[in-house]
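Chain and residue survey
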Amino acid sequence: MKEAKYIWKDGELVPWKEATIHILSHTLHYGNAAFEGVRAYMTEKGLAIFRLNDHTKRLLNSTKIVAIDCPYSEDELNLAQIELLKSNDFQNNVYIRPLVYLGYGAMGVSHKQAPVNVAIAAWEWGAYLGEDGIINGIKVKTSSFTRNSIKSTMGKAKIAANYLNSQMAKHEALNCGCEEALLLDDSGFIAEGSGECFFIVRDGVLITPPYDNSLESITQETVIEIAKDLNIPVVQRRITRDEVYIAQEAFFTGTAAEITPVRELDFRVIGSGKAGHITQKLQKEFFDLVMGKNQKYTHYLTYIK
Ligand code: PMP
């Protein structure tokens, strides 16, 4: 990975290589940590963080869900991310990873006595599913892993432990020669990708699953907003895997994945096998928006001066 100069750690900027933790840090053993994935884009007016406030709000919601008292306020966390980007000499688009974790000082399953630490790292990062994936689409496999059940884990929280399931699904998909996994929910309907939300297009209508078995995705919400601007009808309802096979278009959305077309699911070609027309339209609008080229959405951008 491309290292940066500094990482923000518990209120201070520390050199990248010095941002380390003790081996008995509680999170490392039991998986309770809340995190975010945020992107900043190199616009004509410099770096701009996309929907910073919304990501920070979700981070604090995640900590609330998993009963961690974050020692920093929303404003402090926003400022910390801005400060971090200012202190590093980034030349390209950046991915920001805030992490609220349990540190060293208590062992055993109960996390009540464990200290809460906060770190924010940022580095230059290109397309998560590859530049080629953004243009030509990716191959996807329906996972043999069910998306974490809402009966046992808490999917509204972006917490480390939830990603074991995602990791196993991704591992399986890669071993099958695909680039990403699509996970079904308990009832067999499409839930989400290992780190993305999912859309299909049928007869000009954009369809995406309801929020009940997925993270409350900031990119999904943005794509729905953009689609409405473009007068593309949007429906939020359940989707089955065979419905995807016969859809004209399909794509993933996420902070890391941005808008990545799906060209195959389970070795069935979706539509033309390329990025579809509606997908391309939404991609163009999305990238214009995050690059500060759409005046209607400048309130979503926090410029780093
Ligand atoms: N689902 C999961 C499981 C994710 O990890 C992500 C990435 N944060 C998403 C959906 C998409 O969310 P967002 O658009 O807010 O990045």
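Residues numbered from 1 in each chain as written. Predicted model: local features only at pLDDT ≥ 70, side-chain atom pairs only at ≥ 80, totals over all residues. Heavy atoms only, no water.

The protein chain has the name Branched-chain-amino-acid aminotransferase in an unreviewed UniProt entry, where Helicobacter cappadocius is given as its organism. Its UniProt record gives the protein chain a comment under Cofactor (unreviewed entry), which states: "pyridoxal 5'-phosphate". The record in UniProt for the protein chain states the following under Function (unreviewed entry): "Acts on leucine, isoleucine and valine." (UniProt positions renumbered as here; feature names shortened; annotations may be inferred.)

1. A short note on the domain arrangement of the protein chain
Taken domain by domain, the protein chain consists of domain 1 (6-124) and domain 2 (131-290). Computed from C-alpha atoms alone, the centre-to-centre distance between domain 1 and domain 2 is 26 Å. A combined buried area of about 1800 Å² lies between domain 1 and domain 2, and 63% of that area is made up of carbon and sulfur atoms. Contact with domain 2 buries surface across domain 1, with F35, F50 and R58 losing the most and accounting together for 32% of the total. Linking domain 1 to domain 2 there are 2 salt bridges. Across the pair R51 and E221 runs a salt bridge whose closest N-O atoms are separated by 2.5 Å. Linking domain 1 with domain 2 are 10 residue pairs in polar contact (both at pLDDT 80 or more). Going through the elements one at a time, β3 (33-35), β4 (38-43) and α2 (52-65) are the ones with two or more residues in the side of domain 1 that touches domain 2. (Domains from an automatic or database assignment. Buried area = accessible area lost by both parts, 1.4 Å probe. Salt bridge = Lys/Arg side-chain N within 4 Å of Asp/Glu carboxyl O. Polar contact = N/O pair within 3.5 Å; in protein donor to acceptor, adjacent residues only side chain to side chain. Helix = DSSP H or I, 4+ residues; strand = E, 2+ residues; numbered from the N terminus.)

2. With respect to the pattern of salt bridges
Scanning the entire structure with this criterion turns up 15 salt bridges. Ionic pairing is found between E124 and K2, a salt bridge with its closest N-O pair at 2.8 Å. A residue pair is termed long-range when its members are at least 10 positions apart, and E124 in strand β7 (residues 116-124) and K2 in the segment before β1 (6-9) qualify at 122 residues. We classify K2 as partly exposed; its relative accessible area is 48%. Here E258 makes a salt bridge to R39, at a shortest N to O gap of 3.6 Å. Here the residue E258 occupies a position in strand β15 (residues 258-265), and R39 occupies one in strand β4, the gap between them amounting to 219 residues. This pair shows no difference in class: E258 is buried, exactly as R39 is. Ionic contacts of the salt-bridge type, sharing partners, join the residues R51, D54 and E221 into one network. (Buried < 20%, exposed > 50% of the residue type's maximum accessible area, 1.4 Å probe, protein only.)

3. Thoughts on the layout of surface pockets
Each pocket or cavity is described by its volume, and for the largest pocket that value is around 870 Å³. Put simply, the parts of the chain that give the lining of the largest pocket at least two residues each are β3, β6 (94-102), α5 (163-175), β10 (190-193), α6 (218-229) and β14 (249-254). If one sorts the elements of the lining of the largest pocket by residue count, α5 sits on top with 6 residues. Tallied by class, residues from the lining of the largest pocket come to 16 nonpolar, 15 polar and 7 charged. The residues that make up the lining of the largest pocket include at least three from each of domain 1 (6-124) and domain 2 (131-290). Quantified by volume, the second largest pocket comes out at close to 310 Å³. As for the second largest pocket, its lining consists of 16 residues, of which A19, I21, L99, Y101 and A119 are closest to the centre. Of all elements in the fold, only β1, α1 (26-30), β6 and β7 reach the threshold of two or more residues within the lining of the second largest pocket. Sorting elements by how many residues they give to the lining of the second largest pocket places β7 first, with 4 residues. Split into classes, the residues belonging to the lining of the second largest pocket amount to 11 nonpolar, 3 polar and 2 charged. (1 Å grid on protein atoms, 1.4 Å probe; cavity = no way out; pocket = protein on both sides within 12 Å on 5 of 7 lines; lining within 4 Å. Points joined across faces, edges and corners; volume = space filled by probe spheres on them. Nonpolar A, V, L, I, M, F, W, Y, C, P; charged D, E, K, R; others polar.)

4. Overview of the environment of I135
Among the structural elements, I135 can be located in helix α4 (residues 131-136). Residue classification places I135 among the exposed residues on the basis of a relative accessible area of 56%. A C-alpha to C-alpha distance of 9.7 Å links I135 and I259, two positions 124 residues apart in sequence.

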